[in-house]
Every structure is written in C-alpha cells, then in structure tokens.
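Breakdown of the fold
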Amino acid sequence: MQLPLKEFRGCVRDGRGVGEQQRSVLPTNGQMPLRGLHSRSSRRVDHTGAPRRHVRLAAAVSPPPAMPKYAQRSDFLQDSCSLTSTYSPEYVRQRALETPGSLFNVLVRVTDIAVSLGLFAGKLWTDRLTGQEDEPDIVKKRAAELRDTLTYLGPSFIKAGQVLANRPDIVREDYMNELCCLQDDVPSFPDEIAFEIIEEELGKPIDQVFSSFSERPIAAASLGQVYKAVLRETGEDVAVKVQRPNALATISKDLYVLRRAVGVYQQIVSRFTAQTTDYQELLSVFAEGLFTEMDFRNEALNGLRMQELLDSSEFCSSDVVIPVSYMGLTSRRVHTMEWIQGVKLTTLPPEEIRSFVKVGQEAFLTQLLEIGYFHGDPHPGNLLKITEGPNAGKLALIDFGLVAEIPSKDREAMVSATIHLANRDWDALVDDFIALEFLPRDSDRARIIPVMDRVLSPYLRGGGAAAYNFSALSQDLLSVTLEIPFSVPPYMSLIARSVVTLEGIALSGDPQYQMVAQAYPFVVRKVLRNDSNSSMALLQDILFDNDGKVKPTRLGALLNAGLGYVADAKQSAGFIDIDAVPDDGASVSEVVAFLLSPEARELRPLLVREISNGLDLFLRDRFRKAYALLPGLLAPPRLPFLPALPSPPPPPPPLAPFGAL
C-alpha cells in the first residue's frame, strides 16, 4: 500500500475520496520485475472548494528485462480500483451488516472481544491482589495466555501484538518473548485450503508452476502463511505467501466494532481533555493500511518502488536487500517472491544487532528524511540477517504491504523542529508543530510555551531525564493533552509506530540507543543541501549562540555530523544534543576535504565571515595595544645623571556647593 499521510492518494470513486488503492499502469507484455517507476499526481477541487484526494499513477518508463513465461501476465493489476476490498467506513458497515443475522454476529463478536480481554485483565488483577504478579511461573503462564488470546481474536489483534512484541520499554521481557511468536509463528490454517487459494488465484495447478512445494508452511502471520517452493521453469527458490481465508470479513467486522468504540472514546476525550486528536481518522489510517495489505499486489509494487528510490538515493547501499517479486505469479491473495534465508535481528547477539542497526537506521532515515517513502511495518519479522546465498551477511527488508509517503514540506518541518527543540527555541517550535498539525493555527502561545518548556526540557542537555528514548517522550507529550490542544495527525501515527518499532529493536542490542540523536547527520545534510533562506536560518540556529557568536562545540559537532560521525549515548546529554562532539570523529584531512566540497557550499560563507570578523577583531586589538605603547617608544630617554622630574601636584578638591556653607 502507498499509505497517504496528509493527503490520501488513490482512486476517487463515486465523487468521494473513498476506496483508495494504488492504480498502476504496467507494460502490456507483463514483463517483470519493474525498474524505473516514476509517479505523478494531480490535484482536483470539488464544488465546495476543498481539495480532493490525489490520483496516483505508477508507470514503468524503462524497458524491463525479459522474463520467463511464468512471470508474464498482462492482466496484472489492470484496475485495482475495482477491488471489493478497499476501505471506507460505509463499506465496513455494509460488510459487517450485510445479512439480517449480521447484527447478531456483530454483538457476538463484541461479546467475544470483551470477554476474552476481560478475563485476561481479571487474571492480572487477581495476580496483583494475591502478590503473585512477579512470580516467574505465573508471568510465563500469563504471557502465553496473552499470546493465545490475541491469536484467538484474529488478525486485527495479532497486529497489535506484533507492535508490542518489540517494545522493551513498555512490555516486560517475558511477555515480549511470547508476543514475538505473533510475527511469524501464528497457528496456520489448513494446507488444503491454502493450495485451493493458490490454484484459484494463479489459474493453474500448483505442479504446473512449481517443481516442488513445501507440504507445511514455513511461517504464518496475521494475514497469511508462507510456503517454500521451486519454480519449475528456472529452478529458483521462491516464497509463496497465501492470504488467510475470510480475512476480509473478519477484519471488516473488527473495524466496525472498533469504529463504534472509538466514537464513544472520542466523545469522552473531547469532554474531559483539551486533546484535539481525531481518533476516527487515526482508525481510518490504520484500517486503510490493513485493508490494502490484504491486496498482495500492492506489496509487490511497493517493494519495487522502494528498491528504485533507494538505488537512486545517496544511500544506495549494497548491504540492504529487497526480495524481487514475480508479478506474473502474484495476485490479490497470493504473492510470489524471491526466497530469503535469514534470521530475525532480535535473535542475534547484542554486538551483531548494533552493527545491523547502523545499516537499518541509515536505510530508514533515508526513507524518512530524503526520499519521503518509508516502510510502515518494520517489526523484527520483516528485518532479517541473510544467512545463505550470495547476499549472506546483509540486511533484508521484506513485507512492503504498508508503506507511506511524506511530502517535502513535512520533511523540512521535521528537520526544523529537531533543531529548534535542541535550541530550546519554543516559539519557533510552536511554528513547526503548527506546520506538522500537532497544534492548531490559532494556538495560544502564552499558554503552550511554558508547558512545552516543562515537558521537553528534561530531554535536552542539562535536563536530567533518566531516559531519552522516543517512546518515553511520546508518552510525556500525550500527557499534556489535558492542558493544551495537542493532537496526533493520522500521518504521524504511522511514523511514530515505525520509529518506536525500530527503536525497540535497537534497544535490545543497545539499551542506551537514541534514535533521534542518530538522525542528526541526516538533519545536517538536509540543511546543508538546501539553499533556501529557511535552511540558512536553521544553519545559523545550529552554529550561533544568543550573542551571535559561533559556538566551537556546535561547529565541531556539525562538521562531524556532515561526515556521518555522531556522538554515542555516553557523550551526548539529551534526546538530541547538537553540542556533543564525538571522541572518535572525523580527521583533519576529512574536515578540510568536506569544507572544500560542494556539500559545504552553504557553510563556507558563514565560516569565511566569522574568520574575517575574527581577524578584524584581532588586528584591531593588536593595533590598539600598539598605539598605546607608541608614546613610550617615542619619548626622549632620561639622562642617567639627572633626577626624575617630580610628580605633578594632585588637583585641588572640588568646592562645596554654596548651600552647604
């Protein structure tokens, strides 16, 4: 899925911007895999004057390589707008209440969810009352019960468990170990049904396409299960993912129930807090992503586009592998892709996790801040260390069912907010939050700024916060919704989810890991490459203190960040510390080469001006001192046999005022 952030992109149906799906125009010969995907969008306005959602097209503009017959299918994704699995609240309601007995089924589902979660909560409460909540055997038992409960409740709740599975700062390790099973070890559905779905979707018997096919699934997750197979025509190993039967009906029912519950919750929140977050819209974003993940063709196209964008970016790392999708063998419910033999990063030793995190964070920050197109579901099951084959030892990114796009102006606002946060420039930070739609445009700054100072200062240099991770900051920001109209835009909920997920993986290898601090080199590069007036102002915000003088530590940190060096957690003193200079930073030759490179074209004028001002002050000071010494140098020497002249008499005291006599 290409999940929209600020503006939904997709097909406009029935005059309403609902039922969005990515519409693709592919070559008529169906040859795949694609490279050179480009996009364009058009903005339309309806009769009310409100902007309507974009229509996004993806077209192959370079001739694809010839592929075997199994990879040729001209009808692939002819018109995904005709799919019945696109999301809209009305569609969900219709699916949930499509028969006279459906209302009863919904009530049964509500009861099932309430009873299942209520029973588990009751057991936890009982353990607390009896003092058994920390006993190892009880904790292990409850963790297994939570996993079984979420599995029993189905795909929607399994997704929630996947998010919790890699949050060591939220869920204790015992529970994490159990919830990790939800990423690729969910109970599978019968193989006979899976084989029927494959043959129905591909339009031919399995043995005509594959020379071998595993009898049992290799892995099973929330939406489907994966088999290993060998292509009959080429002998290549492939993974075949098959969607669970009735997944659409089950998820539709869950979303209908959640939508009603969220409506009640929204009213309660609006009544008792100042929070302006639109929870219905947040649910819509989640539902849009979940529905589109159920069309595996979107996943295949998203992976192709991600590979194209990363290859054309500065990142362009050979250490990251995205499996190739076989489009001719991919449909709405079946996805055939290159086989990747690997292990999850979270199963590796801490030192190995740290090495892979460096590659992963660079790939993610490139997606987030440079290309604006990022993987929206980076849980540990989707980040693998490849253990076999020509790519052994590299990082594999899989499952692109959920991706999102960030407009350029929002990426710039994120960079600006990072710098203003580090500077404690609360007034400018309010402007950034308004641009990111965290705050309304008519915000009361006199009321908001003291709250921001109180909540955010502990996470900065000298603030004294015990933890500097993104999750802790998010919780503190949400706590201020009783005081200020702080809201979470739908697009930011997905970014936050991805950040906390990746941060959770990194924390398992390094408890001191700081996601935002590691992003500083990307922030610096983005500022240096942008020649706009706003970027020049941000550069001055980084380098200059309140007196307009360059801070040497900031300059050192900036030069190191421009070269990719960043201080570790032991050296930095906050969530984002732009004064921290790494001990093992850039060499003098690297710094000189960087200053002379095109990358530093915006920095050089500032440094030249400072050097000129410094030389001017130095020369003026030397001249004043020399001028003060000049009379002594020019005075005639005193003869040695003459006494020194007497000192002049002191001046007479001033006369007293006439009235004092």
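Quick caveat, the model's predicted, so the values are computed rather than measured.

Remark on secondary structure: sheet strands pair via backbone hydrogen bonds, oriented parallel or antiparallel. Pairing is mixed in the open sheet, where four strands are placed in the order β9-β14-β13-β11. For this open sheet the edge positions go to β9 (320–321) and β11 (342–344), each flanked by a neighbour on one side alone. Both β9 and strand β14 (residues 395–397) contribute to a ladder of two bridges, which runs parallel. Across the sheet, Val320 pairs through a bridge with Leu395, a residue of β14. With respect to the sheet, helix α11 (residues 350–371) is in contact with β9, β13 (383–386) and β14, its orientation differing from that of β14 by roughly 40°.

Turning next to the packing of helix α18 (residues 520–529) against helix α20 (residues 552–562). With their axes 8 Å apart at the nearest point, α18 and α20 run at an angle of 90° to one another. Considering the angle they form, α18 stands roughly perpendicular to α20. Judged by residue contacts, Tyr520, Pro521, Val524 and Arg525 of α18 engage Ala557, Leu558, Ala561 and Gly562 from α20. Considered class by class, the residues forming the contact of α18 with α20 number six nonpolar, one polar and one charged.

This part covers the side chain of Asp432. Structurally, Asp432 is set in helix α13 (residues 426–435). Buried charged residue Asp432 carries no salt bridge. Nearest counter-charge: Arg445, at 9.3 Å. For Asp432, the side chain forms a polar contact with the side chain of His420, separated by 2.6 Å. In this view, Asp432 contacts Ala413, Ser416, Ala417 and His420; residues no more than four positions away in its chain are not counted.

Here the focus is a nonpolar patch on the surface. Taken together, the side chains of Val264, Ile268 and Phe272 present a nonpolar region at the surface, about 320 Å² in accessible area. Note on placement: Val264 falls in helix α8 (residues 247–272).

Before going further, it helps to examine the nonpolar core. Counting 89 residues, the largest nonpolar core has Tyr520 and Leu603 as its most contacted members. For this core, the element with the most residues is α11, which contributes 10 residues. Beyond its immediate sequence surroundings of up to four residues, Tyr520 is in contact with Ile542, Ala557, Leu558, Ala561, Ile576 and Ile578. Counting residues in hydrophobic clusters, the runner-up holds 21 residues, among them Val257, Val262, Val269 and Leu290.

This paragraph deals with the pattern of salt bridges. This model, assessed by the stated rule, comprises 20 salt bridges. Glu145 is the partner of Arg142 in a salt bridge, and the nearest nitrogen-oxygen pair spans 3.1 Å. Taken together, the residues span about one helical turn, with Arg142 and Glu145 both in helix α3 (residues 136–153) at a distance of three residues. Residues Arg142 and Glu145 agree in their burial class; the two are buried. Arg147 is the partner of Asp148 in a salt bridge, and the nearest nitrogen-oxygen pair spans 3.0 Å.

We now examine helix α10 (residues 296–312). Here α10 spans 25 Å end to end across 17 residues, near enough to the 24 Å set by a 1.5 Å rise per residue. Counting buried residues in α10 gives 15 out of 17 residues, a clear majority hidden from the surface.

Each value, and the rule that gives it
Residues numbered from 1 in each chain as written. Predicted model: local features only at pLDDT ≥ 70, side-chain atom pairs only at ≥ 80, totals over all residues. Heavy atoms only, no water. Pairing = 2+ DSSP bridges. Helix = DSSP H or I, 4+ residues; strand = E, 2+ residues; numbered from the N terminus. Contact = heavy atoms within 4.5 Å. Axes fitted to C-alpha atoms, helices over the stretch in contact; angles between N-to-C directions. Parallel < 35°, antiparallel > 145°, perpendicular 65-115°, else oblique. Nonpolar A, V, L, I, M, F, W, Y, C, P; charged D, E, K, R; others polar. Buried < 20%, exposed > 50% of the residue type's maximum accessible area, 1.4 Å probe, protein only. Lys, Arg positive; Asp, Glu negative; His and termini not counted. Salt bridge = Lys/Arg side-chain N within 4 Å of Asp/Glu carboxyl O. Polar contact = N/O pair within 3.5 Å; in protein donor to acceptor, adjacent residues only side chain to side chain. Patch = residues over 30% accessible without salt bridge, like charges linked within 9 Å, V, L, I, M, F, W, Y side chains within 5 Å. Areas by Shrake-Rupley, 256 points an atom, 1.4 Å probe, with all protein chains shown as cover. Core = buried A, V, L, I, M, F, W, Y, C linked by side-chain atoms within 4.5 Å. Expected span 1.5 Å × (residues − 1).

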